[in-house]
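# Structure at a glance
In case you want the letters, here they are:
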Amino acid sequence: MGHCLSGARRFTAIFSLLRFPPTTSRSLKCLIPHRAQFTSRSSIMASTSLPASVAALSLQSTDQRSEIPGCFPTLNPMDIYREHIATEISKNLGVPVEKIYARVAWTNTLDKGDLSLPVASLQIKKNPAELASEVAANFPASDLIHPPTALGPHVQFFCKPQPLRNTVLGRILKEKAAYGTNGNQGQKDPSDPSKGQKKIIIEFSSPNIAKPFHAGHLRSTIIGGFLANIYTVMGWNVIKMNYLGDWGKQYGLLANGFKYFGNEDALVKDPINHLFDVYVKVNALVSEQDGPIKELKEQIKTKKEKSEDVAELEAQLAKLVDVSEDEKARRYFKSMEDGEPEALALWRKFRELSIEKYKQTYARLNIDFDVYSGESQIKSESMTDAYKLMEKAGVSESSEGAVIVDFTKHGAKKLGKAIIVRKDGTPLYLTRDIGAITERDDEYHFDKMIYVVASQQDLHLAQLFKVTELMGHKDLASRCQHINFGMVRGMSTRKGTVKFLDDILRDVVMKKNDVKYAQVEDPVKTADTLGITSVMVQDMTGKRVNGYDFNLDAMTSFEGDTGPYLQYAHARLCSMTRKSELDVNELVNANFDLLTEQHAVDLVRLLAQWPDVLLNTAKTLEPITVLSYLFRMTHMLSSSYDVLKVIGSEPDVKQARMALYASARQVLNNGMRVLGLNPVERM
Ligand code: ARG
């Protein structure tokens, strides 16, 4: 066996990843060697004045290699076991060790073993049940695992408690926040780390300035933040990008509306809500004017049908249209497109103030973007280049003065037709995305790009990727992925309209505020954190594709698998640590062999799975993969407290049990952080 438990020479580099806010559109990132403590980012954040610091994630990687590709025994305890199992079975069956390694799977429940091998996957011509019995019977005596057992076509492996306990608890208490992470996963070339990390762009949240931040944006924000964390702890270079809806005729409308209804002070104080108010008021004007215009149009139509003279009515209509807000907005937007400085200055002010406000709210969710891009940022050359490519490739065609792509003619029946250039020569939402995808490729040379957007836009993204492919960028299209999600139903708040994330969070936080947090230093902050946790955990419960009902009562309850329950479990472990009055830095020297009770053994087995859970999550890209693991653990914890008491036990037993609980707290904390939650220490 390549790595024996006690003797493994471990070389593990631990980094703390710290993200700086972008100074330009590109972000600065720093890898700080050694575990630096960054509890506050106030010095760097001063310019943006974020109310809460965005917690950094830790990452560890290794330069110690196993002969098996993808196997990292120094980072993942279960790899010690997989390597051992694969090596022994390989000797016995003559199947390559890496093939067996890849098929030794984790189990969903501990009664099925710690690892399991479905022998049919080895593609040996033999009855699987017979083969399983044979493999189990021929497995040599081992210090690490009990003699394996065959169950149908599976061979089940149970770890011996003592070595597992020592490895797992020892590692968690040493590696702390880095336990479970694996920086080697994100290497461009695992055999040559000097080639660097793979780069991923995750585009998420992407609200529209001056329009409500709806449930789709909320989910995109939560899921996108989670995905950014997963890729980060897997060693990728992650670029978090917000693609704002910040361009179009509606900004002309908004700018004009601001002249009538706007107020500088209100804008600076609360840009999002103020701009939204302006937007609502000016839209009311538009609908008011729409009535008479429509009426005239009707009259003209009927007169024309009777071949009557319509010259006067048409003159009247032209006058009405000319002074209408809609037309003014069109003209204003035209001047923006033409680069008129004054028009652009006002728009830029709206955009910048809104971004400042967004940043503060995102910080409450532990999210900071590296890039605020947006529809406005796409160069017209990128779009023109795209038209040319499409034309050259015979993908686009003209239709009634517009340029369209008819996907049905290009082997994609389901995608229908899409307009690329309007009759008046202006680009559309899709057109900008086509420009954006190539711009991003040129600028970032990413290995992968993920769009986190609601299922309602499945067609849009499928069209985007298909056009990209048809234009001749097949490779680029293959590096892009749409991560979609279902709808949230019934998200209204007591105060009515949801305008921004703050409105969504307000009621939930108010609800949490009702509870008295007597022990807590800063009850308002705790209520805020609990409220946010409630919303996020409800969102992450269930698969992404499923929608759910926004249910204030259910999500804020302490009963069931909720956010508050998770926070409570964490706070309880913290409280236990405080009450024990033990030195946490000494826990790693505890005598783990005293942890012989079944509850302790099982808890260790579950903690051993965390690195595998993270790996699996990097495949499923589902927050529920992490969440359901954490709930399994917290359930197990709550049934352990009566059996494995800390307070009142003999000193050495007390220290050993505290080491176990401290390890559980660490893994719970690591898991919550990956989900984007801020674990509380008291409540
Ligand atoms: N702003 C858009 C909306 O609110 C979402 C943008 C999604 N991303 C993209 N690249 N199209 O609907």
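The structure we're discussing is the one just above.
Figured I'd write up the structure that's included with this text. (Residues numbered from 1 in each chain as written. Predicted model: local features only at pLDDT ≥ 70, side-chain atom pairs only at ≥ 80, totals over all residues. Heavy atoms only, no water.)

### Details of the overall build of the protein chain
The number of helices and strands found in the protein chain is 24 helices and 17 strands. With 683 residues in all, the protein chain has 53% of them scored as buried. Of the roughly 30500 Å² of accessible surface on the protein chain, 52% is carried by carbon and sulfur atoms. (Helix = DSSP H or I, 4+ residues; strand = E, 2+ residues; numbered from the N terminus. Buried < 20%, exposed > 50% of the residue type's maximum accessible area, 1.4 Å probe, protein only. Areas by Shrake-Rupley, 256 points an atom, 1.4 Å probe, with all protein chains shown as cover.)

### What about the site of the ligand?
Inspection of the region around the ligand gives Glu-203, Ser-206, Asn-208, His-217, Tyr-243, Tyr-429, Asp-433, Tyr-451, Val-453, Gln-457 and His-460 as its neighbouring residues. His-217 is positioned such that a nitrogen or oxygen atom in its side chain is 2.7 Å from an oxygen atom of the ligand. A distance of 2.7 Å separates a nitrogen atom of the ligand from a polar side-chain atom of Asp-433. Its free accessible area being 350 Å², the ligand has 90% of it covered by the protein chains. (Near = heavy atom within 4 Å. Polar contact = N/O pair within 3.5 Å; in protein donor to acceptor, adjacent residues only side chain to side chain.)

### Points about helix 23 (residues 623–640)
Helix length check: helix 23, at 18 residues, gives a terminal C-alpha distance of 26 Å against a target of 26 Å (1.5 Å per residue), a fit within 8%. For helix 23, the full list of buried residues reads Pro-623, Thr-625, Val-626, Leu-627, Tyr-629, Leu-630, Phe-631, Met-633, Thr-634, Met-636, Leu-637 and Ser-640. (Expected span 1.5 Å × (residues − 1).)

### Considering the packing of aromatic side chains
The full count for this structure, using the stated rule, is 14 aromatic pairs. Measuring from centroid to centroid gives 5.1 Å for Tyr-231 and Trp-236, while their planes differ by 80°, and the two rings are edge-to-face. Among the residues examined, Trp-236 registers a relative accessible area of 11% and is labelled buried. Members of the aromatic cluster, connected to one another through ring pairs, are Phe-204, Tyr-358, Tyr-362, Phe-369 and Tyr-372. (Phe/Tyr/Trp six-rings, centres within 6.5 Å; stacked < 30°, edge-to-face > 60°.)

### What about the sheet that holds strand 7 (residues 154–157)?
The 4 strands lie next to each other as 4-5-7-6, forming an open sheet whose pairing is antiparallel. Sheet topology places strand 4 (105–106) and strand 6 (149–151) at the edges, where each strand pairs with a single neighbour. With 2 bridges connecting them, strand 4 and strand 5 (residues 115–118) associate as antiparallel partners. Bridge pairing in strand 5 places Ala-105 opposite Ser-116. (Pairing = 2+ DSSP bridges.)

### Structural notes on a positive patch on the surface
A surface patch of like charges, here positive, comprises Arg-572, Arg-578, Lys-579 and Arg-682. Along the chain, the position of Lys-579 falls in helix 20 (residues 563–580). (Patch = residues over 30% accessible without salt bridge, like charges linked within 9 Å, V, L, I, M, F, W, Y side chains within 5 Å. Salt bridge = Lys/Arg side-chain N within 4 Å of Asp/Glu carboxyl O. Lys, Arg positive; Asp, Glu negative; His and termini not counted. Charge placed at Lys NZ, Arg CZ, Asp CG, Glu CD.)

### Structural notes on the environment of Asn-585
You can see Asn-585 is positioned in the loop between helix 20 and helix 21 (598–608). On the basis of relative accessible area, Asn-585 is assigned to the exposed category, the value being 55%. Spatially, the C-alpha atom of Asn-585 lies 9.1 Å from that of Lys-174, the residues being 411 residues apart in sequence.

### A closer look at the environment of Met-540
Mapped onto the elements of the fold, Met-540 is located in helix 18 (residues 523–540). In sequence terms Met-540 and Leu-675 are 135 residues apart; their C-alpha atoms lie 8.6 Å from each other. Sequence-distant contacts of Met-540, defined by excluding residues within four places in its chain, comprise Ile-222, Pro-623, Ile-624, Leu-627, Leu-675 and Leu-677. (Contact = heavy atoms within 4.5 Å.)

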